[in-house]
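Results of the structural survey
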Amino acid sequence: MAAAGLAFSGDCMTDLAFRSAGRLAAAVAAKEVSSIELLDHYLARVERLDPKVNAIVARDEEGARAAALAADRAVSRGEPLGRLHGVPVTIKDSLEVAGMRTTGGSARWGEHVSTSDAESVARLKNAGAIVFGKSNMPPDARDWQTYNEVYGTTNNPWDPTRGPGGSSGGSAAALAAGLTGLELGGDSAGSIRVPAHFCGVYGLRTSFGIVPRYGSVSGHAPGTLADFDMAVLGPLGRHADDLDLGLDILAGADHDRAPAWRLELPAARSSTLRGFRVAAWLDDPFCPVDSELVAIMQAAVEAVRAEGAAVVEGKGPVGLEETMALYEPLLMAQSGLVESDESYAGLVDFAAAEGAAGGFASDLTLSFREWHALDERRQHSRRRWSEFFRDVDVLLCPVTPTAAFPHDQQPDPTWSVRTLQVDGADRPYRDMLTWMAPSAVNHLPAAVAPVGTTRDGLPVGIQVIAPYLHDRTAVQFVRRLAEVIGGFRRPPGF
């Protein structure tokens, strides 16, 4: 129950639904609103608004209500409260939540019901979060759109004829529509960053290895212990502060290493925009960015410059073409692990036919010797980025060449059929990978922040890449940026 004397109108509760997760937890702790009231409000919004979006595809209302009532009893008894105490949250459907279906967007696991929580989900629950639903994703997290044969298509709250991005598309759409308090997603090839950009929310691709991934069903069979190269988990939220909160809760040694290892991420390199040394790489002929997006990002850069930050404009230490020559085969080799035995055997035959010139099948079936040679090149690339960040604190760059694009569900397993529109010209769909590559292949953290909207009213985000393990630097930058240019905006109709 809300505190005595307080009553909430519909408008007030709607505003509450769009607060940051931290402010929601504070409201529960202060008895401004109870956890059960907050949960019921989000569930009512899901019933009323989610049919337009199809972001939240599985729910555990009974379990969530029991957890919310227990959270309210803890508040009444004056017990110590976690930083997400009583906050209703949803989880990408690639992550196991005890008692719920976890499909990974794939019919292969469509009937799988989890018996335990993913390690990251357990950390959210231990912080007091109330998990009430799962958010939609593409099959095996292998697209920048969100649709599958299990749960159907997820729409962008800003324009239902367009996708919300992928693979954490349901996560970002649910946040933008005000259907949940916080989200947990994953990212190998932009799966947090692209949806954040397309839906106008915040997302953090964490430094590789700092958030345990055990319990992921994202191309893995349930119960898989081996990790995926370049794959990370991270928070998505409506407010920059949610990234900091999510990082605090999620980051740390995994279960096996916890007896001896401790993670102490360094503090942000600056507490003000004025103190940041900023590099801006907003376009590149190797992967052209729509001029409207470049102009919006350039305005954000000028706002940063006006605050007194030192800004230099130019390319990063490793060019996009060189980076993609390294990233794409490493990513494809990982993607080959998702294939069935029968499909993989066929790819081996195709690879033989491709010969020494190589090709899509050859990348999917790399030998360990070939993978190791690529990894050695990666380590040299990482060294060059480390040296670059001696003189620079953050690098600003695009997330993708375009804003959210119309649904396009043409079968395209080799990314050779679909196209993107950049300044009226067709560009290959695989250009969606290019600006994702520098942070992913080099294991760097990257935050995405909304910085404006297009003439068509579509959100535009900017990517903020920081040195390895300097996640707090990326997060602090987007927090300070929001103070200058604003942050999340509610989509019309929500």
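Residues numbered from 1 in each chain as written. Predicted model: local features only at pLDDT ≥ 70, side-chain atom pairs only at ≥ 80, totals over all residues. Heavy atoms only, no water.

1. Comments concerning the sheet that holds strand β14 (residues 446-453)
Applied cut-off: Note on pairing: two strands pair once DSSP finds at least 2 bridges between them. Helix and strand labels come from DSSP, where a helix needs a run of H or I of at least four residues and a strand needs a run of E of at least two; each type is numbered from the N terminus. Only the contacting stretch of a helix is used when fitting its axis, a line to C-alpha atoms as for every element, and angles between N-to-C directions run 0 to 180 degrees.
The strand order across the open sheet formed by 11 strands is β1-β3-β2-β6-β8-β7-β14-β15-β11-β9-β10, and the pairing between neighbours is mixed. The open sheet is flanked by β1 (56-59) and β10 (310-313), the only strands paired with a single partner. Averaged over all pairs of adjacent strands, the angle between their axes in this sheet comes to 30 degrees, without regard to strand direction. Taken together, the five bridges between strand β2 (residues 88-92) and strand β3 (residues 130-135) define a ladder with parallel strand orientation. By the bridge assignment, T90 is partnered in β3 with G133.

2. With respect to the pairing of strand β9 (residues 277-280)
Regular strands show a simple pattern: their side chains alternate between the two faces of the sheet. Test applied: By the criterion used throughout, a crossover qualifies as right-handed when its path from the first strand across the helix to the second strand runs clockwise, the strands pointing away from the viewer.
In terms of strand pairing, β9 meets β10 through four bridges, oriented parallel. Looking at β10, one finds that A280 is bridged to E313. Taking the sense of rotation as the criterion, the β-α-β connection linking β9, helix α9 (residues 291-306) and β10 turns out right-handed. Relative to strand β11 (residues 394-397), β9 runs parallel, the two sharing three bridges. The residue bridging A279 from the neighbouring strand is L395, located in β11.

3. What to know about the pattern of salt bridges
This is how it is decided: Here a salt bridge means any side-chain nitrogen of Lys or Arg lying within 4 Å of a carboxyl oxygen belonging to Asp or Glu. Under the scheme applied here, a residue whose accessible area is under 20% of the maximum for its type counts as buried, over 50% as exposed, and between as partly exposed, the area being computed with a 1.4 Å probe on protein chains only.
Using the criterion set out here, one finds 36 salt bridges in the structure. D227 serves as the salt-bridge partner of R213, at 2.6 Å between the closest nitrogen and oxygen. Remark: D227 occurs in the loop between β7 (202-205) and β8 (232-237) and R213 occurs in the loop between β7 and β8; sequence separation between them is 14 residues. Between R305 and E313 there is a salt bridge whose closest N-O contact spans 2.7 Å. With a relative accessible area of 32%, R305 lands in the partly exposed category. On the accessibility criterion, E313 (47% relative accessible area) is partly exposed. By sharing partners, the salt bridges in this structure join R83, D241, D244, D248, R472 and R479 into a single network.

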